[in-house]
Amino acid sequence: FTAGAAWAFHGVGARRASYELRMATVFSMLLAVVLGIWGYAFRMETHSHMILNLRFLAALLPAIIAFVVARTLQRLPEWLDPREKPLAPILYGGMAVFLFGLISLETYTHISSWMVDHERGRWLAQMALSLVWGGYATALLVLGFRIPQAKLRLAALALFGVTAVKLVLIDM
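Now for a quick tour of the structure. (Residues numbered from 1 in each chain as written. Predicted model: local features only at pLDDT ≥ 70, side-chain atom pairs only at ≥ 80, totals over all residues. Heavy atoms only, no water.)

Overview of the pattern of salt bridges
Applying the stated rule across the entire model yields one salt bridge. With its nearest N and O atoms 2.6 Å apart, the salt bridge here joins R122 to E119. Here R122 and its partner E119 are both found in helix α5 (residues 118–146), three residues apart, which amounts to about one turn of the helix. (Salt bridge = Lys/Arg side-chain N within 4 Å of Asp/Glu carboxyl O. Helix = DSSP H or I, 4+ residues; strand = E, 2+ residues; numbered from the N terminus.)

Listed below in structure tokens is the structure:
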């Protein structure tokens with residue numbers, strides 16, 4: 001519901017060029033993110049699919065809305081309030097970090113609960129996290145070259161480094 005409210009605030013705020021409504025969009029998205037993450041406090045059924053479940057999709061919705069809002073703020077700068085200029089890069093960065101955390105959380109909770117042996121399940125979940133982190137870093141690197149963004153490429157290389165350290169210290 002909060003993601004829907006954020007979408008509605010964005011639509012009205014974009015049409016009326018209202019700074020207050022666009023800020024209500026951002027705060028509604030933050031509330032939707034918190035509620036989406038809170039959904040992970042509850043145990044899912046063991047027969048649910050990883051990433052293809054309502055809990056993940058409900059948590060993913062604020063990230064999609066954040067992307068649309070950031071894209072709108074980036075494309076229509078003539079009606080922006082000067083206080084909103086840095087908002088698009090902040091939304092893009094926050095969305096990337098949130099998406100990374102959400103995919104990591106979904107992977108870890110799904111795989112660790114999937115195994116009967118909890119110790120082996122945690123070990124497999126850590127290995128799966130390393131694969132997910134490597135895949136996410138690869139996606140960031142490709143995106144950083146596709147749209148020439150040095151910050152994305154540096155973030156990808158940093159994530160590759162963190163993943164390599166995690167492989168040596170935790171997974172082995």
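Describing the packing of aromatic side chains
Scanning the entire structure with this criterion turns up three aromatic pairs. For the ring pair F100 and W133, a centre distance of 5.5 Å and an interplane angle of 45° mean the geometry is tilted. Within this pair, whereas F100 is found in helix α4 (residues 87–114), its partner W133 is found in helix α5, the two being separated by 33 residues in sequence. Each member of the aromatic cluster is reached from another via a ring pair, and the members are F100, W133 and Y136. (Phe/Tyr/Trp six-rings, centres within 6.5 Å; stacked < 30°, edge-to-face > 60°.)

Some thoughts on the layout of surface pockets
Any space left empty among the atoms is revealed by the rolling of a water-sized probe across them. By volume, the largest pocket amounts to about 840 Å³. What lines the largest pocket is a set of 21 residues, among which Y92, A96, L140, L143 and L152 lie closest to the centre. Secondary-structure elements contributing two or more residues to the lining of the largest pocket are α3 (54–75), α4, α5 and α6 (150–171). When residues of the lining of the largest pocket are assigned to their parent elements, the largest contribution, eight residues, is made by α4. When the residues that make up the lining of the largest pocket are grouped by side-chain class, the tally is 16 nonpolar, three polar and two charged. (1 Å grid on protein atoms, 1.4 Å probe; cavity = no way out; pocket = protein on both sides within 12 Å on 5 of 7 lines; lining within 4 Å. Points joined across faces, edges and corners; volume = space filled by probe spheres on them. Nonpolar A, V, L, I, M, F, W, Y, C, P; charged D, E, K, R; others polar.)

Brief notes about the packing of α5 against α6
The relative placement of two packed helices comes down to the angle between their axes together with the axis-to-axis distance. Close contact between α5 and α6 brings their axes to 8 Å; oriented N to C, the two are set at 165°. The angle between the axes of α5 and α6 places the two elements in the roughly antiparallel class. Between α5 and α6 the crossing geometry is left-handed. Residue composition of the contact of α5 with α6, by class: 17 nonpolar, six polar and three charged. (Axes fitted to C-alpha atoms, helices over the stretch in contact; angles between N-to-C directions. Parallel < 35°, antiparallel > 145°, perpendicular 65-115°, else oblique. Left-handed = near helix turned anticlockwise from the far one by under 90°.)

With respect to the packing of α4 against α5
Between α4 and α5, the least distance of the axes is 8 Å, while the angle of their chain directions is 150°. By the angle between their axes, α4 is roughly antiparallel relative to α5. Crossing handedness for the pair α4 and α5: right-handed. Touching A96, L99, F100, I103, S104, T107, Y108, I111 and S112 of α4 are G121, R122, L124, A125, Q126, A128, L129, V132, W133 and Y136, all from α5. The residue makeup of the contact of α4 with α5, split by class, is 13 nonpolar, five polar and one charged. (Contact = heavy atoms within 4.5 Å.)

Shape is all these values report; function is a separate question.
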